[in-house]
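The chain contents come next:
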Amino acid sequence: MVKRSDKVAEEIHKIISELLIKGLKDPRIGFLTITGVKVTPDLRQATVYFTVHGDDAAKKNSEAGLNSAKGYIRKEIGQALKLRFTPEVTFKYDTSLDYGQHIESILKEIGATDDGDNS
């Protein structure tokens, strides 16, 4: 059984992804991907997780650009969803991909130092 907040989260994900494809006019927003959206059960808060292709400066610039476009994004969500209350949008950088790459590099390092001798 799917909760209503999960359905709303999926719709918010689609709306924000379409806005990014169309292109927000803020030049600070780089090549980013929305990795997930979590909405509280009362549908008042939405946390949008994103990743950025680039370095730390690109991450900070994209986050600043998203935060400055927060009002426009919320307005677009409100027009598309027609809920009683439009969720307050919060953007957070998703560190799970960085963590996964770190674990992968550790496993490769272990595999490179392992000579295959199990004695």
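Check the entry above for the structure.
Here the structure is a predicted model, which is why all the values come from computation and not from measurement.

Caption draft 1: A look at the sheet that holds strand E1 (residues 32-39). Taken together, three strands build an open sheet; the order of strands is E1-E2-E3 and the sheet is mixed. Whereas interior strands pair on both sides, the edge strands pair on one side only; in this sheet they are E1 and strand E3 (88-93). On average, each strand axis in the sheet is inclined to that of its neighbour by 25°, with strand direction left out of account. Pairing analysis gives six bridges linking strand E2 (residues 45-52) to E3, with the strands arranged parallel. The partner of glutamine 45 across the bridge, within E3, is glutamate 88. With respect to the sheet, helix H2 (residues 56-68) is in contact with E1, E2 and E3, its orientation differing from that of E2 by roughly 150°.

Caption draft 2: Inspection of the pattern of salt bridges at higher detail. In this structure the tally under the stated criterion is four salt bridges. A salt bridge links arginine 74 to glutamate 88; the shortest N-O distance between them is 3.2 Å. Taken together, the positions of arginine 74 in helix H3 (residues 70-81) and glutamate 88 in strand E3 put the pair 14 residues apart, joining distant regions of the chain. The closest approach of N and O atoms between lysine 75 and glutamate 76, which form a salt bridge, is 3.8 Å. Of the residues examined, lysine 75 reaches a relative accessible area of 43% and is grouped as partly exposed.

Caption draft 3: Layout of the nonpolar core. Core analysis: the largest hydrophobic core is formed by 25 residues, its most contacted members being Ile12, Ile16, Val39, Phe50, Ile73, Ile77 and Phe91. Broken down by secondary-structure element, the contributors of at least two residues to this core are helix H1 (4-22), E1, E2, H3 and E3. A per-element tally of this core places H1 first, with six residues.

Caption draft 4: Main features of unusual backbone geometry. Phi at leucine 43 takes a positive value of approximately 65°, unusual for a residue other than glycine. Within the fold, leucine 43 resides in the loop between E1 and E2. The residue lysine 82 is not glycine, and still its phi comes out positive at about 55°. For lysine 82, the location among the structural elements is in the loop between H3 and E3.

What counts as what
Residues numbered from 1 in each chain as written. Predicted model: local features only at pLDDT ≥ 70, side-chain atom pairs only at ≥ 80, totals over all residues. Heavy atoms only, no water. Pairing = 2+ DSSP bridges. Helix = DSSP H or I, 4+ residues; strand = E, 2+ residues; numbered from the N terminus. Axes fitted to C-alpha atoms, helices over the stretch in contact; angles between N-to-C directions. Contact = heavy atoms within 4.5 Å. Salt bridge = Lys/Arg side-chain N within 4 Å of Asp/Glu carboxyl O. Buried < 20%, exposed > 50% of the residue type's maximum accessible area, 1.4 Å probe, protein only. Core = buried A, V, L, I, M, F, W, Y, C linked by side-chain atoms within 4.5 Å.

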